[in-house]
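Structural features, examined
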Amino acid sequence: MKHTHKILIYALMFISVMIIGISSVVAQKTIITGTVRDAVTRETLPYVSIFFNDTRLGTQTDLDGNFKISTNENHNKLKFNYVGYEVLYKNILVGQTQKLDILLKSNAQSLNEVTIIAGKKVRYKNKDNPAVELIRQVIDNKDKNQPKAYETVQYKEYEKMLFSMSNVSEKFKNKRIFRNYQFLFQEQDSTKIGGKNLLPIYIQEKLADQYLSFSPDKSKTIVLAEKQVEFDNRFIDNEGMKAYFDRMYQNINIYDNNISVMSNEFLSPIANSAPNFYKFFITDTVKSNTGNTVELSFTPRTKGDMLFEGKIYITMDGNYAVQKAAFGVNKNINLNFVRGMEIELDFKKNTDNRYYLSKSNLVADFGISKNKGIGFTGERSVNYEQYKTNIEIPDTVFSGKKLEVLADANKKTDGFWLQNRLDSIPPQQLKIYSNIDTLQKLPSFRKTIKLVTFVFAGYWDFGPYEVGPTNTFYSFNNVEGFRLRVGGRTTPALSKRFYFENYAAYGFKDEKWKFFLSGTYSLNNKSIYKFPQNYIRASFQRDTKIPGQELQFVQEDNFLLSFKRGVNDMLLYNDFYRLDYVKEFENRFSYTVGLKKWAQTPAGGLLYTDAANHTNITRLNTTELSVGLRYAKNEKFYQGKIYRTPIIDRYPIFNLRYTAGIKGFLGGEYNYHNIMGSIDKRFYLSQLGFTDVTLEGAYIAGKVPFPLLAIHRANQTYAYQLNSYNLMNFLEFVSDRYAAINIDHNFNGFFLNKIPLLSKLKLREIVAFKAIYGGLRDENNPEKNPIGNYKMPLFENGLQRTYSLNKEPYMEGSVGLGNIFKLLRVDLVKRFNYLNNPEVTEWGIRARIKLDF
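Our subject in this report is the structure included herewith. None of these values were measured; they are calculated from a predicted model.

What follows is about the sheet that holds strand S5 (residues 77-81). Remark on secondary structure: sheet strands pair via backbone hydrogen bonds, oriented parallel or antiparallel. The strand order S3-S2-S5-S6 describes an open sheet built from four strands, whose pairing is antiparallel. Taken across any chain shown, the strands that pair with only one partner, and hence form the sheet edges, are strand S3 (58-60) and strand S6 (88-91). Mean inter-strand twist for the sheet, computed between neighbouring axes without regard to direction, equals 20°. Here S5 runs beside S6; their pairing, made up of four bridges, is antiparallel. Note that in S6 the partner of Phe 80 across the bridge is Leu 88.

Right, dumping it as structure tokens:
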């Protein structure tokens with residue numbers, strides 16, 4: 001499936017847990033919960049600072065004045081501090097769970113008048129709210145406080161990413177298998193994200209020079225040095241892991257309206273529309289040598305929305321710039337697997353008295369369970385130094401690729417890193433590089449990784465050759481009956497130039513063998529799965545196919561897709577001979593050139609019958625020459641050793657393909673021209689979620705029988721297909737010209753988050769609409785021009801089976817619930833028209849597995 005790579009990465013990170021079996025052990029803790037109120041009015045107080053006395057271990061009350069704090073250490077006193085109120089110290093019982101009701105007294109010296117409003121909670125509003133007025137000033141001054149306010153910017157950037165198994169229990173830590181490997185574990189303060197015990201498993205560092213120009217917009221990144229933990233490439237894909245982490249942990253610009261974290265878009269607390277979705281409170285003022293700042297606390301109006309909560313510090317020097325920020329997410333947020341998240345941003349004053357980002361730090365803790373059990377903690381910190389503005393940057397700097405990695409970037413010595421890191425790094429973190437090498441030598445670790453790769457990725461590794469995928473080993477259909485298949489593919493361990501893929505399958509009902517064999521030669525000495533691709537491939541395939549079934553990310557003989565609705569007895573036996581050339585460029589433009597010889601033989605309930613003389617045709621032969629163009633600006637991939645999956649982003653993807661049928665060449669029987677184009681685009685709508693839109697159209701010139709027309713993508717399985725028509729039957733509609741639109745919108749729980757009780761289920765609302773309008777010229781309509789055409793397929797009872805779309809567009813829509821059990825999407829689909837066609841249904845329920853944050 002599309003998200004198999006995500007499952008695999010998580011599985012690899014939790015590998016020790018899966019093989020050994022985990023039981024969570026909770027240490028004896030001091031746990032304090034309670035509520036903080038005004039001693040006079042009894043109103044709850046939000047954002048009260050709470051610390052264990054003489055420490056920096058603390059928390060804050062939430063919007064309703066509630067708090068929870070815990071520790072494994074022997075602290076016996078809490079300190080409560082709130083602007084305008086007297087500091088309160090409260091004794092606590094060590095090692096016990098307790099609940100406190102705290103009353104804070106106002107500081108009489110700071111109050112001229114006290115108004116008592118007993119038993120009534122003040123309603124939050126934006127009007128006449130000084131905190132909202134302040135945030136509006138920040139919004140109005142955003143443009144001048146960003147790098148784009150300058151003509152040029154250049155700086156040096158140091159990035160460190162660290163990943164660990166977290167919340168490791170003492171029982172797990174002391175397992176027999178780790179008896180001689182206690183050095184792998186690290187301890188930290190138990191109140192921090194991830195708990196007390198950590199098992200670091202990955203670290204990467206990067207040092208780069210960054211150049212930005214805004215007139216016109218240009219950018220350049222020169223990677224001076226990079227270093228990362230290297231796992232055994234036979235089992236764990238280092239490049240894919242790095243690409244996945246880079247996607248999850250992107251640069252954070254608080255001045256952007258939306259901030260991408262964990263593959264989701266969060267509304268910034270200083271976005272233009274922030275006052276409509278956040279509540280703001282002035283909670284403190286701070287005086288320092290650099291000037292006065294105001295501490296502004298914020299929280300979501302609806303706790304389940306994709307929003308942050310925390311504090312930002314605003315300069316009161318007329319710039320209204322962010323000097324510091326510390327924020328995370330509410331525990332009730334509709335975000336899967338995230339136990340906790342902390343983001344810290346620090347800004348420094350530039351020579352022109354404006355502020356630039358000097359350091360960012362993002363820590364997130366993940367787990368299957370929100371509250372207990374082993375998890376996975378990731379931390380990304382970035383330091384920015386040598387910040388220069390409006391310095392002339394030669395045009396030669398921006399020439400070539402936007403991202404340039406120096407040839408010796410991964411060969412820098414420890415001495416180089418010691419001198420050039422822009423941040424200190426603890427010695428225990430540096431040990432991760434050597435510790436992982438030791439861990440990988442554990443036989444149990446290596447065996448388990450191999451097993452998990454087989455279970456989740458579907459391939460069993462034999463070094464130069466992998467067998468799989470497992471979900472195609474067995475399937476069935478009405479024509480072939482029980483079908484067995486086995487195959488595999490070579491890996492870069494065999495060759496970086498030559499790649500082979502093959503399978504053999506046998507149907508026990510039709511008693512026929514099916515085959516596939518391809519050979520690929522890489523022209524740039526890179527894996528054919530890595531960007532930029534440049535290869536030539538020759539292949540032969542003899543297999544079955546259902547006309548009109550076009551699947552993405554899954555094989556057509558996947559076992560789960562063997563279950564289909566309605567009459568499903570049409571099949572083609574195909575012989576494909578193909579020669580393809582693929583060329584990709586650094587700017588994300590690519591083209592393909594292909595030659596295909598195709599021989600198709602109908603089977604089951606599908607017949608090819610000459611419309612003029614009513615004779616059956618057993619074989620249709622075509623030869624096609626095709627050229628495809630594709631452009632996807634700034635496209636990135638989940639890059640794997642033997643796979644590559646595009647990452648959906650906000651940039652559109654353009655496709656254009658021209659195919660020419662050549663009569664008389666290699667047995668081709670028809671001349672025709674087929675031109676097809678499509679545009680795919682994701683629109684992010686802030687708190688309203690995101691919309692995926694596809695526009696598609698095609699035109700076929702020439703006289704051809706129905707098998708060579710556009711057979712519209714149908715779906716008779718019970719799986720929801722994003723790009724198919726889920727209540728259309730196979731081969732129900734054909735056209736020689738068409739235009740289509742596909743809209744799929746995910747609200748990310750925007751409405752359900754606001755409904756009591758339902759909000760706890762973390763469900764996400766989805767609506768979709770699909771329409772296609774096409775037509776059939778008289779020359780391709782066997783009823784109007786039978787000579788040279790095939791009869792449209794019929795059911796056994798003589799009813800028409802295949803139609804054109806000359807009357808009106810086919811339309812269907814659906815409403816669905818996503819994130820059921822964190823991985824299931826279920827849609828109720830309605831077909832709006834062509835309801836009188838035989839064997840159709842107006843309503844249907846379809847499901848799709850999707851694992852995401």
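The structure having been displayed, the exposition proceeds.
Turning next to the sheet that holds strand S1 (residues 30-38). Ordered in space as S4-S1-S7, the three strands form an open sheet in which the pairing is mixed. What marks the edges here is a single partner per strand, and that holds for strand S4 (66-71) and strand S7 (97-104). On average, each strand axis in the sheet is inclined to that of its neighbour by 25°, with strand direction left out of account.

Given 3.6 residues to a turn, an α-helix orients residues that are three or four positions apart in the same direction. Looking at helix H3 (residues 130-140), one finds that the buried residues are Ala 131, Val 132, Leu 134, Ile 135, Val 138 and Ile 139. Angular distribution of buried residues about the axis of H3 spans 160°; they occupy a single face of the element. Structural note: H3 exposes Pro 130 and Asp 140 on the side pointing more than 90 degrees away from its buried face. Its side-chain oxygen at 2.9 Å from the backbone nitrogen of Ala 131, Asn 129 defines the N-terminal cap of H3.

With that out of the way, let us pick up the nonpolar core. Core analysis: the largest hydrophobic core is formed by 101 residues, its most contacted members being Ile 254, Met 262, Phe 308 and Met 341. Excluding its chain neighbours within four sequence positions, the residues that come into contact with Met 341 are Ile 193, Val 261, Met 262, Phe 308, Phe 327, Gly 328, Val 329, Leu 335, Leu 362, Val 363 and Ala 364. Membership of the second largest hydrophobic core comes to 43 residues, among which are Tyr 672, Val 734, Ile 772 and Tyr 790.

As a further point, take a nonpolar patch on the surface. Nonpolar side chains collect at one region of the surface, where Val 593, Leu 625, Val 627, Leu 629, Leu 656, Tyr 658, Ile 675 and Tyr 699 lie side by side and expose about 620 Å² of accessible area between them. Taken together, the elements giving at least two residues each to the nonpolar patch come down to strand S31 (620-632) and strand S34 (653-661). Its location among the elements puts Ile 675 in strand S35 (residues 672-684). You can call Ile 675 partly exposed: its relative accessible area is 42%.

About the thresholds
Residues numbered from 1 in each chain as written. Predicted model: local features only at pLDDT ≥ 70, side-chain atom pairs only at ≥ 80, totals over all residues. Heavy atoms only, no water. Pairing = 2+ DSSP bridges. Helix = DSSP H or I, 4+ residues; strand = E, 2+ residues; numbered from the N terminus. Axes fitted to C-alpha atoms, helices over the stretch in contact; angles between N-to-C directions. Buried < 20%, exposed > 50% of the residue type's maximum accessible area, 1.4 Å probe, protein only. Arc of directions from axis to C-beta. Polar contact = N/O pair within 3.5 Å; in protein donor to acceptor, adjacent residues only side chain to side chain. Core = buried A, V, L, I, M, F, W, Y, C linked by side-chain atoms within 4.5 Å. Contact = heavy atoms within 4.5 Å. Patch = residues over 30% accessible without salt bridge, like charges linked within 9 Å, V, L, I, M, F, W, Y side chains within 5 Å. Areas by Shrake-Rupley, 256 points an atom, 1.4 Å probe, with all protein chains shown as cover. Salt bridge = Lys/Arg side-chain N within 4 Å of Asp/Glu carboxyl O.

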